[in-house]
Amino acid sequence: MLKIYNIQEKPEFLEEIAILTQKEWGQQNLSEEQFKEKIYKKILKIKANYNNPNYCKLILIDENDKLSTLIGFISIFEHDGDERLDLSPWYATMYVKKKFRGMNYSKLLHNAILKVAKDRGFSRLYLKTDLNNYYEKFGAIFIEILNNGEKLYYFNL
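Criteria and cut-off values
- Residues numbered from 1 in each chain as written.
- Predicted model: local features only at pLDDT ≥ 70, side-chain atom pairs only at ≥ 80, totals over all residues.
- Heavy atoms only, no water.
- Helix = DSSP H or I, 4+ residues; strand = E, 2+ residues; numbered from the N terminus.
- Rg over C-alpha atoms; globule rule 2.2 N^0.38 Å.
- Buried < 20%, exposed > 50% of the residue type's maximum accessible area, 1.4 Å probe, protein only.
- Contact = heavy atoms within 4.5 Å.
- Lys, Arg positive; Asp, Glu negative; His and termini not counted.
- Charge placed at Lys NZ, Arg CZ, Asp CG, Glu CD.
- Expected span 1.5 Å × (residues − 1).
- Core = buried A, V, L, I, M, F, W, Y, C linked by side-chain atoms within 4.5 Å.
- Phe/Tyr/Trp six-rings, centres within 6.5 Å; stacked < 30°, edge-to-face > 60°.
- Lys NZ or Arg CZ within 6 Å of the ring centre and 35° of its normal.

**Examining the overall build of the chain**
Then, number 1: The helix and strand inventory of the chain stands at three helices and seven strands.
Then, number 2: Reading the chain from its N end, one meets helices and strands in the order β-α-α-β-β-β-α-β-β-β.
Then, number 3: Relative to the globule expectation of 15 Å for 157 residues, the C-alpha radius of gyration of the chain, 16 Å, shows essentially globular dimensions.
Then, number 4: Per-residue burial for the chain yields a buried fraction of 45% across its 157 residues.
Then, number 5: In the chain, 56% of the contacts between residues at least 6 apart in sequence involve partners at least 24 apart.
Then, number 6: Measuring between centres, the 24 positive side-chain charges of the chain sit 3 Å from its 21 negative side-chain charges.

Spelled out as structure tokens, the structure:
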């Protein structure tokens with residue numbers, strides 16, 4: 001059975017999420033010690049933001065009788081990088097594990113994070129990406145190309 005949780009409800013997945021995040025978006029070619037330090041800091045950062053109204057991390061779990069499996073996650077960040085500090089909050093870290101891609105799980109995560117944002121009173125979520133023609137299918141509206149080459153979009157809520 002598929003279920004979406006706030007990471008606060010399932011902290012046993014913190015380390016796995018931190019590892020996946022580092023591997024997907026973090027600095028590569030780290031020593032084992034540096035990698036472990038990055039993971040530790042990511043876990044602390046997530047925990048430190050538990051009560052921040054401009055932060056949320058949702059996780060999609062496949063639960064069955066014997067095992068719960070992380071499928072993916074998505075976040076709201078107060079800021080995502082330093083390209084546009086004038087904009088907030090941000091739609092961030094949409095991630096579905098490779099073996100689960102192509103099964104519409106990203107749509108489940110997308111809809112869930114938009115609901116959280118709307119429930120928190122946000123009227124817009126910003127997104128930056130280097131993907132082409134991906135977030136448009138979810139209704140993302142293009143704004144501009146950022147200085148780092150990524151495209152800036154927003155979602156109306």
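**Some thoughts on helix 3 (residues 105–119)**
Then, number 1: Here helix 3 is 15 residues long and its end C-alpha atoms lie 21 Å apart, about the 21 Å a rise of 1.5 Å per residue gives.
Then, number 2: When helix 3 is considered as a whole, its buried residues turn out to be Y105, S106, L109, H110, A112, I113, L114, V116 and A117.
Then, number 3: Of the surrounding elements, those touching the buried residues of helix 3 are strand 1 (2–6), strand 2 (56–63), strand 3 (68–77), strand 4 (90–96), strand 5 (124–129) and strand 7 (151–156).
Then, number 4: Positive phi shows up at G121, right after helix 3, with a value of about 90°.

**Observations concerning the nonpolar core**
Then, number 1: Grouped together as the largest cluster of nonpolar side chains are 25 residues, with contacts concentrated most on I76, Y91, Y135 and F155.
Then, number 2: In terms of residue count, helix 3 provides more of this core than any other element does, seven residues in total.
Then, number 3: Excluding its chain neighbours within four sequence positions, the residues that come into contact with Y135 are Y91, M94, L127, T129, A140 and F155.
Then, number 4: Formed by 24 residues, the second largest nonpolar core is a distinct cluster that contains I7, I46, L70 and F77.

**Things to note about the packing of aromatic side chains**
Then, number 1: Scanning the model with the defined rule gives eleven aromatic pairs in all.
Then, number 2: Where W25 meets Y95, the ring centres are 6.1 Å apart and the plane angle is 75°; that geometry is what we call edge-to-face. With W25 in helix 1 (residues 14–25) and Y95 in strand 4, the pair connects residues that are 70 residues apart, well separated along the chain.
Then, number 3: For the pair Y135 and F138, a centre-to-centre distance of 6.3 Å together with 50° between the ring planes defines the contact as tilted.
Then, number 4: Across the ring face of Y154, the terminal group of R124 is positioned such that the distance to the ring centre comes to 3.7 Å.

**Describing the environment of I143**
Then, number 1: In this fold, I143 is placed in strand 6 (residues 141–145).
Then, number 2: Owing to a relative accessible area of 33%, I143 belongs among the partly exposed residues under this scheme.
Then, number 3: For the pair I143 and K97, spaced 46 residues apart in the sequence, the C-alpha separation amounts to 29 Å.
Then, number 4: Setting aside anything within four residues of it in sequence, one finds I143 in contact with Y126, L152, Y153 and Y154.

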